[in-house]
Amino acid sequence: MKGGAYLRLTASVIFVAFGLWLGAGIFLEAEEKQSTVTAEAVSISDEKSLAGIIVREEKPLYAEGDVFILPDEGQWLSGGDAVAVSRDAAKSYFDYLSATEKRCGADTVHEAICAVSLSKNREKQRLAAERGAELLFGEEEEENEHIPLPRALVPTDCAGRFSRFCDGFEGLGTHDDFSSAGGKIPETCIGKIVYGDCWFFVADADSEITEKLCVGMSVTLDGYPAEVEEFFGGKIIFRLRRGLEAHLTDREKTLTLVFSSYEGISVPCSAVFGEDGNTYIRILHAGEAEKLPVELIYSDGEHCLVQGDGLIPGAQLLLP
């Protein structure tokens, strides 16, 4: 009896120990799953929407009567390039090109004029504009020379991008009042040339802007690098050197102003701790907890943006 009781007691102890071990394993596994989070790479921006006025260096173009507009919207033109030609002259010119088989493969009046006037003999364009429309064609040149161009061409006097959009505010500067000036478009206006190597954005300077920005500071407007040019009359003026071709037809516009942006690994602030004057997090590496030094980039009180050697997206962060 004593031997049997001993065996039963031993079996009971082993069973209880096994149950405790199994229970502890299940508890630790559950705890481990609940106390880890996956690290993610994120980008955080301090930004706001800003309504304002776009100001460009631009010059209206004028032509009398019914004309063909030659360049496409946004097309770059050199000084002296033809912008328009009268429809009567264009039709006669097309007939001339057809008769002499010099249409450059074009099937329409507009295509033929563009094929010849925008790519060949700019000096003849200037001469045509100076002499007016007395003669339809230039003098016939030797064979294989340039095809003569029609008279009555409207040339540009400077290089830039062409746009048909005009609102009567062309010529106004960053200090002008757009609410009370301009706005009248002459009937003879056929478009404009936008020149220069930069453009400007003028907006109200509220308290947030005056607190965060200063003259010469670099920011981003709708993804384009910009510089704070000046504060004037309650306004802030930004100078931009890229993106002009995308805003040839805009005047009033709302752009996204990015004061600053940060990139790093997003972690809960509770996972970040300090020790000996340094900042750390704990990650799960090969099943073991590992302390990793990091640099704190940004915090909103709930999430922190950190960077550190060995910290990559997908890492398992241990929470306290």
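Computed from a predicted model, the values in this text were never measured in an experiment.

Peer 1: I would appreciate a short explanation of the overall build of the protein chain in the present structure.
Peer 2: Looking only at helices and strands, the protein chain has five helices and 18 strands in total. Once local pairs closer than 6 in sequence are excluded, the contacts in the protein chain between residues at least 24 apart make up 70%.

Peer 1: Any chance you could explain the pattern of salt bridges here in plain terms?
Peer 2: Opposite charge on two side chains allows them to pair when their charged atoms are near. Scanning the entire structure with this criterion turns up 16 salt bridges. Salt-bridge contacts for Glu58 lead to Lys192; the nearest nitrogen and oxygen are separated by 2.9 Å. Of the two residues, Glu58 sits in strand β2 (residues 40–62) while Lys192 sits in strand β8 (residues 189–204), which places them 134 residues apart along the sequence. A single burial state applies to Glu58 and to Lys192, both of which are buried. Beyond isolated ion pairs, a larger network of salt bridges with shared partners links Arg56, Glu58, Asp167, Glu170, Lys192 and Arg251.

Peer 1: Looking at this structure, I do not really get the environment of Arg56. What am I missing?
Peer 2: The topology assignment puts Arg56 in strand β2. Sequence separation of Arg56 and Leu248 is 192 residues, and the distance between their C-alpha atoms is 8.4 Å. A distance of 2.9 Å separates a polar atom in the side chain of Arg56 from a polar atom in the side chain of Glu58. For Arg56, the side chain forms a polar contact with the main-chain oxygen of Asp250, separated by 2.6 Å.

Peer 1: Help me understand the packing of aromatic side chains, please; the structure alone is not making it clear to me.
Peer 2: Each aromatic ring pair is described using two quantities: the centre-to-centre distance and the angle formed by the ring planes. Summed over all chains, the structure comprises three aromatic pairs. When the centroid spacing of 5.2 Å and the interplanar angle of 25° are considered together, the rings of Tyr262 and Tyr298 count as stacked. Residue Tyr262 is located in strand β12 (residues 252–268), and its partner Tyr298 is located in strand β16 (residues 295–299); the two are separated by 36 residues in the primary sequence. Positioned above the aromatic ring of Phe259, the side-chain terminus of Lys212 is 4.6 Å from the ring centre.

Peer 1: What is the right way to read the nonpolar core from this model?
Peer 2: General note: in soluble globular proteins, nonpolar side chains tend to be found buried as a group. Ranked by size, the top nonpolar core spans 20 residues in total, and within it Phe201, Leu213, Leu221, Phe238 and Leu257 carry the most contacts. Among the elements of the structure, β2, β8, β9 (218–221), β10 (224–232), β11 (235–240) and β12 are those that each provide at least two residues to this core. Considering every element that reaches this core, the biggest residue donor is β8, with four residues. Discounting chain neighbours no more than four positions away, the residues touching Leu213 are Val219, Val228, Phe231, Ile236, Phe238, Leu257 and Phe259. Counting 14 residues, the second largest nonpolar core, distinct from the first, contains Ala39, Val272, Ile281 and Leu292.

Peer 1: Can you help me understand the environment of Trp199 in this one?
Peer 2: By the element assignment, Trp199 lies in strand β8. Each C-alpha atom of the pair Trp199 and Ile54 lies 7.4 Å from the other, and the pair is 145 residues apart in sequence. Contact partners of Trp199, with chain neighbours within four places excluded, come to Ile54, Val55, Arg56, Phe238, Arg239, Leu240, Arg242, Gly243, Leu244, His247 and Leu255.

Peer 1: Explain the pairing of β2 here, please?
Peer 2: Two faces make up the sheet, and in a regular strand the side chains alternate between them. Two elements, β2 and β12, share 14 bridges in a ladder whose sense is antiparallel. Bridging from a neighbouring strand, Asp46 pairs with Ser260 of β12. Note that β2 and β8 share 10 bridges and pair antiparallel. When the bridges of β8 are listed, Ile53 appears paired with Val202.

Peer 1: Please explain the side chain of Lys192 as it appears in this structure.
Peer 2: Using a relative accessible area of 0% as the deciding quantity, one classes Lys192 as buried. Polar contacts involving the side chain of Lys192 include one to the main-chain carbonyl oxygen of Phe165, which spans 3.3 Å.

Rules and cut-offs
- Residues numbered from 1 in each chain as written.
- Predicted model: local features only at pLDDT ≥ 70, side-chain atom pairs only at ≥ 80, totals over all residues.
- Heavy atoms only, no water.
- Helix = DSSP H or I, 4+ residues; strand = E, 2+ residues; numbered from the N terminus.
- Contact = heavy atoms within 4.5 Å.
- Salt bridge = Lys/Arg side-chain N within 4 Å of Asp/Glu carboxyl O.
- Buried < 20%, exposed > 50% of the residue type's maximum accessible area, 1.4 Å probe, protein only.
- Polar contact = N/O pair within 3.5 Å; in protein donor to acceptor, adjacent residues only side chain to side chain.
- Phe/Tyr/Trp six-rings, centres within 6.5 Å; stacked < 30°, edge-to-face > 60°.
- Lys NZ or Arg CZ within 6 Å of the ring centre and 35° of its normal.
- Core = buried A, V, L, I, M, F, W, Y, C linked by side-chain atoms within 4.5 Å.
- Pairing = 2+ DSSP bridges.

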